[in-house]
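# Topology and contacts: notes
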Amino acid sequence: MKILVCISHVPDTTSKINFTDSDTKFDTNGVQFVINPNDEFGLTRAMWFKEKQGATVHVVNVGGAETEPTLRKALAIGADEAIRINTPATDGFSVAKQLANVAKEGGYDLVIGGRESIDYNGGMVPGMVAKLIGANFVNTCIGLEVEGDKATAIREIDGGKETLKTSLPLVIGGQKGLVEESDLRIPNMRGIMQARTKPLNVKEPVDANAETNTVSFQKPAPKGAVKLVDSVDELVNLLHNEAKVI
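If you check an unreviewed UniProt entry, the chain appears there as Electron transfer flavoprotein subunit beta from Aequorivita aquimaris. The record in UniProt for the chain states the following under Sequence similarities (unreviewed entry): "Belongs to the ETF beta-subunit/FixA family."

### With respect to the nonpolar core
The nonpolar side chains of soluble globular proteins are, as a tendency, buried together. If you look at the biggest cluster of nonpolar residues, it comprises 34 residues, and the most contacted ones within it are I3, V5, L43, V59, L144, L170 and I172. Counting only elements with at least two residues in this core, the list comes to strand 1 (2-6), helix 1 (37-53), strand 6 (56-62), helix 2 (68-77), strand 8 (110-114), strand 9 (136-147), strand 10 (150-157) and strand 12 (170-174). Setting aside chain neighbours within four positions, we find L43 in contact with V5, I35, V57, V59, A74 and I77. Counting 17 residues, the second largest nonpolar core, distinct from the first, contains L99, V102, V111 and V171.

### Here we look at the packing of aromatic side chains
If you walk through the whole model with that rule in mind, you get 5 aromatic pairs. Measuring from centroid to centroid gives 4.7 Å for F19 and F217, while their planes differ by 5 degrees, and the two rings are stacked. You can see F19 sitting in strand 3 (residues 19-20) and its partner F217 sitting in the loop between strand 13 (200-203) and helix 6 (232-241), a full 198 residues away along the chain. With relative accessibility at 22%, the residue F19 sits in the partly exposed group. By way of ring pairs, the aromatic residues F19, F26, F33, Y120 and F217 are connected into one cluster. Directly above the aromatic system of Y108 lies the positively charged group of K2, at a separation of 4.8 Å from the ring centroid.

### Some words on the packing of helix 3 (residues 92-106) against helix 4 (residues 125-133)
As a packed pair, helix 3 and helix 4 sit with axes 8 Å apart at the nearest point and diverge in direction by 50 degrees. Judged on the interaxial angle alone, helix 4 and helix 3 are oblique. Remark: the crossing between helix 3 and helix 4 carries right-handed chirality. Contact residues: helix 3 offers G92, F93, V95, A96, K97, L99, A100, A103 and K104, while helix 4 offers V125, M128, V129, L132 and I133. Grouping the amino acids of the contact of helix 3 with helix 4 by side-chain chemistry returns 11 nonpolar, 1 polar and 2 charged.

Basis of the calculations
- In this convention, every chain numbers its residues from 1, walking through the sequence in written order.
- This being a predicted model, a pLDDT of at least 70 is required before a residue's local features are given, and a value of 80 or more before pairs of side-chain atoms are given or counted; all residues contribute to the totals for chains, interfaces and linings.
- Side-chain figures throughout are based on the complete set of non-hydrogen atoms in the structure, without hydrogens or water.
- UniProt positions are given in the numbering used here, feature names are shortened, and annotations may be inferred rather than shown by experiment.
- The nonpolar core is taken to be a set of buried Ala, Val, Leu, Ile, Met, Phe, Trp, Tyr and Cys residues, with the residues joined through side-chain atoms within 4.5 Å.
- For the exposure calls, accessible area comes from a 1.4 Å probe over protein chains only, and a residue counts as buried if that area is under 20% of its type's maximum, exposed if over 50%, partly exposed in between.
- Think of it this way: any DSSP run of H or I at least four residues long counts as a helix, any run of E at least two long counts as a strand, and we number them from the N terminus.
- Any pair of residues with heavy atoms lying within 4.5 Å of one another is described as a contacting pair.
- Pairing of aromatic rings covers Phe, Tyr and Trp, the last through its six-membered ring, and needs centres within 6.5 Å; plane angles under 30 degrees mean stacked, over 60 mean edge-to-face, and all others mean tilted.
- Criterion for a charge above a ring: Arg CZ or Lys NZ at most 6 Å from the ring centre, at most 35 degrees from the ring normal.
- Axes, fitted as lines to C-alpha atoms, cover a helix only where it is in contact. Angles between the N-to-C directions of the axes lie from 0 to 180 degrees.
- Just so you know how the angles are binned, under 35 degrees is roughly parallel, over 145 roughly antiparallel, 65 to 115 roughly perpendicular, and the rest oblique.
- Each crossing gets its hand from how the near helix is turned against the far one by less than a right angle, where anticlockwise is left-handed and clockwise is right-handed.
- Under the scheme applied, nonpolar residues are Ala, Val, Leu, Ile, Met, Phe, Trp, Tyr, Cys and Pro; charged residues are Asp, Glu, Lys and Arg; polar residues are all the others, including Gly.

Here is the structure:
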């Protein structure tokens with residue numbers, strides 16, 4: 001089984017976020033980047049298939065040379081090969097077209113992506129990839145087993161879970177629950193050394209027009225000062241007349 005894991009290069013959630021050029025561009029100065037958490041759950045599940053079923057695992061990212069340390073981390077975790085598509089990730093549809101082209105050319109049986117990235121939270125790329133390559137698709141996936149060309153997936157739904165049976169080729173949008181957080185892997189020294197010799201191939205992009213563009217960013221309003229109250233009546237009055245939540 002050939003598996004392609006789509007990796008987003010995203011800011012660490014502890015990073016301080018700022019914008020430049022009149023709030024139209026993300027300021028990367030001083031920001032630590034990591035593997036998108038939803039993608040990391042998918043990568044860990046792919047490693048399970050590699051170890052238990054002998055799968056081959058490739059990782060792919062759409063981005064410039066600055067994303068290569070993130071791909072090298074995925075190689076250190078255990079992926080066999082990395083592919084970087086040499087174009088900025090500026091729009092969900094254009095990213096999906098780049099990933100779909102790699103998936104088609106590579107003849108992958110299973111494509112794993114995160115249900116969304118934690119930077120733009122678009123939540124659209126895995127579904128678009130599935131449509132573009134003509135594969136089955138399961139989103140919000142929290143469980144996956146593959147036997148031959150058949151797959152059983154569990155996805156999260158409002159108030160519960162849904163179990164689906166489908167066939168390969170398959171694209172999933174994974175999230176927390178696909179593996180346990182305790183199963184996530186920290187690269188060891190051996191993995192880091194091996195990653196230096198594993199292939200990291202740079203691929204030029206196919207033509208893909210962006211269907212959306214960013215107009216501006218806006219940070220959440222700062223939290224207001226804490227107001228202490230001495231009675232229930234005063235609290236009810238503030239919630240009703242000031243906060244207007246009751």
